[in-house]
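Structure at a glance
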Amino acid sequence: MGMKQRDYLFDNYKAFLIILVVVGHFIELTSAENDLLVAMKWIIFSFHMPAFVFISGYFSRKKQSLYRLVQQLLVPYLIFEVLYYVLYIVILKRDTQLALLYPKFSLWYLLAMFMWKLVTPLVKKIPGYLWISFLIGLLVGASSLDDNYLTLPRMFTFYPFFLLGTDLDRQSIDVLRTRFTREQAFGMFTLINVILAWVALKSDLSVKIFYGRYDYEYLDLTNAQGIALRLICYLISLLMIYIVAILIPGAQNNFSSLGQKTMSVYLFHGLIFAVFRRGEKFYQSFGIEVETVILLGASVLTIWLLCQKPFIKFVDRITHLPLPQLKLHKNRT
């Protein structure tokens, strides 16, 4: 049998999303007067993590052993938690703790992925599991859960997108891409983004409504307002996920290889960002135009750097570390 051909549509989609992840984090440092980056922040956060979760779900349809889940997710999580701790204490001189139950920066995603992959085979045996997950995602914002303990709020908020991804039939994407033209998709994409930009610049709402981390009280919303707003956020995210799936090219291109290196970029970029943000007041002093160039330029440079072989090899090494204590479970789970 010949080698299975890569699905470049998803490589290109992942490449697009990892760019948004890095850019989204760097432009969080922008001044409030920078209307362009403030609007970009809203547009990016409206769908980039739901889309990443959705695609992760699609590639998680095949059940993995506990051994591989620990190798691929928990081991990197623990290693990078230590790296963040060392960076904060030794280099940045920040007061922090090695609190493994409280993920640092973007490492929450590894912990959430571990739990989602572990429980999904059981969850999918429950009738109406998808609707139940959306309901829980709406209600968790009204709870008093710690916003970062085991990343529980985000775990519940984004879980419906993971389940949607596991249910995705690849042919349905092809049908979607033939039913709607790119011109139609781009029109919808533009309309949603214009609305998001208007809300970003004209309303008192915080972009944190898309983060999935904070409860409604923290966002100065009543439970009814929070649930209604999160429902709208869900709808926007879903629309954007499928619209972008129409717009993304399906053939191999210069960005396709980036879609195969997202793990190294995702894991390492937070370390660079933590150092970079120390100069926040310095580059903001140059004005909005220079600030924009610095933040976007730093994003591009970070992505390029983290696609280099040393970072990719390091991540590959730590996701394949032998775990002797789990060998007995390797073939049983």
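Note that the structure is predicted; figures quoted are calculated from it, not measured.

Below, the discussion takes up the overall build of the protein. Broken down by element type, the protein carries 15 helices and zero strands. In terms of C-alpha radius of gyration, the protein reaches 20 Å, essentially the compact-globule figure of 20 Å for 333 residues. Across its three principal directions, the C-alpha atoms of the protein cover 60 × 55 × 45 Å. With 333 residues in all, the protein has 49% of them scored as buried. Counting every atom, the protein has about 17400 Å² of accessible surface; 64% of that belongs to carbon and sulfur. Distance between charge centres in the protein, computed from 33 positive and 21 negative side chains, equals 13 Å.

Below, the discussion takes up the packing of aromatic side chains. Per the stated rule, a full pass over the model turns up 29 aromatic pairs. Taken together, a centroid distance of 6.2 Å and an interplanar angle of 80 degrees make the contact between F80 and F314 edge-to-face. Residue F80 is located in helix α4 (residues 66–91), and its partner F314 is located in helix α14 (residues 309–318); the two are separated by 234 residues in the primary sequence. An aromatic cluster of three or more residues is present, and its members are F52, W108, Y109, W116, F158, Y159, F162 and Y266. Seen from the ring of F59, K14 lies directly overhead, with NZ or CZ sitting 5.0 Å from the centre. The ring of Y88 has R94 sitting right over it, with the charged end atom 4.1 Å from the ring centre.

All right, on to the packing of helix α1 (residues 8–26) against helix α2 (residues 35–45) then. Any two packed helices are characterised by how steeply their axes cross, that is the angle between the axes, and by the distance between the axes. It is at 10 Å that the axes of α1 and α2 come closest, and there the two elements cross at 140 degrees. On the basis of their axis angle, the class for α1 and α2 is oblique. As α1 packs across α2, the resulting crossing turns out to be left-handed. Residues L20, V23 and G24 of α1 form the contact with α2, whose own contacting residues are M40, I44 and F45. Broken down by class, the residue content of the contact of α1 with α2 amounts to five nonpolar, one polar and no charged.

As a further point, take the nonpolar core. Ranked by internal contacts, the top residues of the largest apolar core, which has 105 residues, are Y13, Y109 and W116. Excluding its chain neighbours within four sequence positions, the residues that come into contact with W116 are V53, W108, Y109, R154, M155, F158, Y159 and F162.

Residues other than glycine predominantly adopt negative phi, and peptide bonds predominantly adopt the trans conformation. The phi angle at F105 is positive, at roughly 50 degrees, despite the residue not being glycine. Structurally, the position occupied by F105 is in the loop between α4 and α5 (108–123). On the basis of relative accessibility, which here comes to 24%, the residue F105 falls in the partly exposed class. The residue D220 is not glycine, and still its phi comes out positive at about 60 degrees. Here D220 lies in the loop between α9 (182–202) and α10 (223–247).

Looking at the secondary structure, you find I27 in the loop between α1 and α2. Classification of I27 by relative accessible area gives buried; the value is 0%. Each C-alpha atom of the pair I27 and G137 lies 27 Å from the other, and the pair is 110 residues apart in sequence. Not counting chain neighbours up to four residues away, the residues in contact with I27 comprise L37, M40, K41, I44, L295 and L296.

Right, let's get into the pattern of salt bridges. Under the criterion given, the structure shown has six salt bridges. Between D147 and R213 there is a salt bridge whose closest N-O contact spans 3.6 Å. A residue pair is termed long-range when its members are at least 10 positions apart, and D147 in the loop between α6 (129–139) and α7 (152–166) and R213 in the loop between α9 and α10 qualify at 66 residues. Connected through salt bridges with shared partners, the residues D7, R170 and D174 form a single ionic network.

About the thresholds
- Throughout, a residue's number is its position along its own chain's written sequence, starting from 1.
- Note on the predicted model: pLDDT of at least 70 is required for a residue's local features to be given, and 80 or more for side-chain atom pairs to be given and counted; whole-chain, interface and lining totals, by contrast, use all residues.
- Hydrogens and waters are ignored; side-chain quantities use all the structure's heavy atoms.
- The secondary structure listing takes helices from DSSP runs of H or I that are at least 4 residues long and strands from runs of E that are at least 2 residues long, numbered from the N terminus.
- Both definitions apply: the radius of gyration is a C-alpha atom measure, and the globule rule equals 2.2 Å times residues to the power 0.38.
- Burial status follows relative accessibility: with a 1.4 Å probe on protein chains alone, a residue under 20% of its type maximum counts as buried, one over 50% as exposed, and anything between as partly exposed.
- Only the protein chains shown count as cover for residues, with accessible areas throughout obtained via the Shrake-Rupley method and a probe of 1.4 Å.
- Only four residue types enter the charge count: Lys and Arg as positive, Asp and Glu as negative, with His and the chain ends excluded.
- Lys charges are placed at NZ, Arg charges at CZ, Asp charges at CG and Glu charges at CD.
- In summary, the pairing rule links any two rings of Phe, Tyr or Trp, Trp by its six-membered ring, whose centres are within 6.5 Å, and it sorts them by plane angle into stacked for under 30 degrees, edge-to-face for over 60 and tilted for everything else.
- Lysine and arginine charges are scored as sitting over a ring when NZ or CZ, respectively, is within 6 Å of the ring centre and within 35 degrees of the ring normal.
- Lines fitted to the C-alpha atoms define the axes, with helices restricted to the stretch that makes contact. Angles between their N-to-C directions range from 0 to 180 degrees.
- Reported orientations rely on four angle classes, namely roughly parallel under 35 degrees, roughly antiparallel over 145, roughly perpendicular from 65 to 115, and oblique for the rest.
- Less than a right angle of anticlockwise turn of the near helix away from the far helix marks a crossing as left-handed, whereas a clockwise turn marks it as right-handed.
- Between two residues, a contact is recorded if the distance between any of their heavy atoms is within 4.5 Å.
- Gly counts as polar in this scheme, as do all residues outside two lists: the nonpolar Ala, Val, Leu, Ile, Met, Phe, Trp, Tyr, Cys and Pro, and the charged Asp, Glu, Lys and Arg.
- Put simply, a nonpolar core is a bunch of buried Ala, Val, Leu, Ile, Met, Phe, Trp, Tyr and Cys residues held in one set by side-chain atoms that sit within 4.5 Å of each other.
- Criterion for a salt bridge: a side-chain nitrogen of Lys or Arg within 4 Å of a carboxyl oxygen of Asp or Glu.

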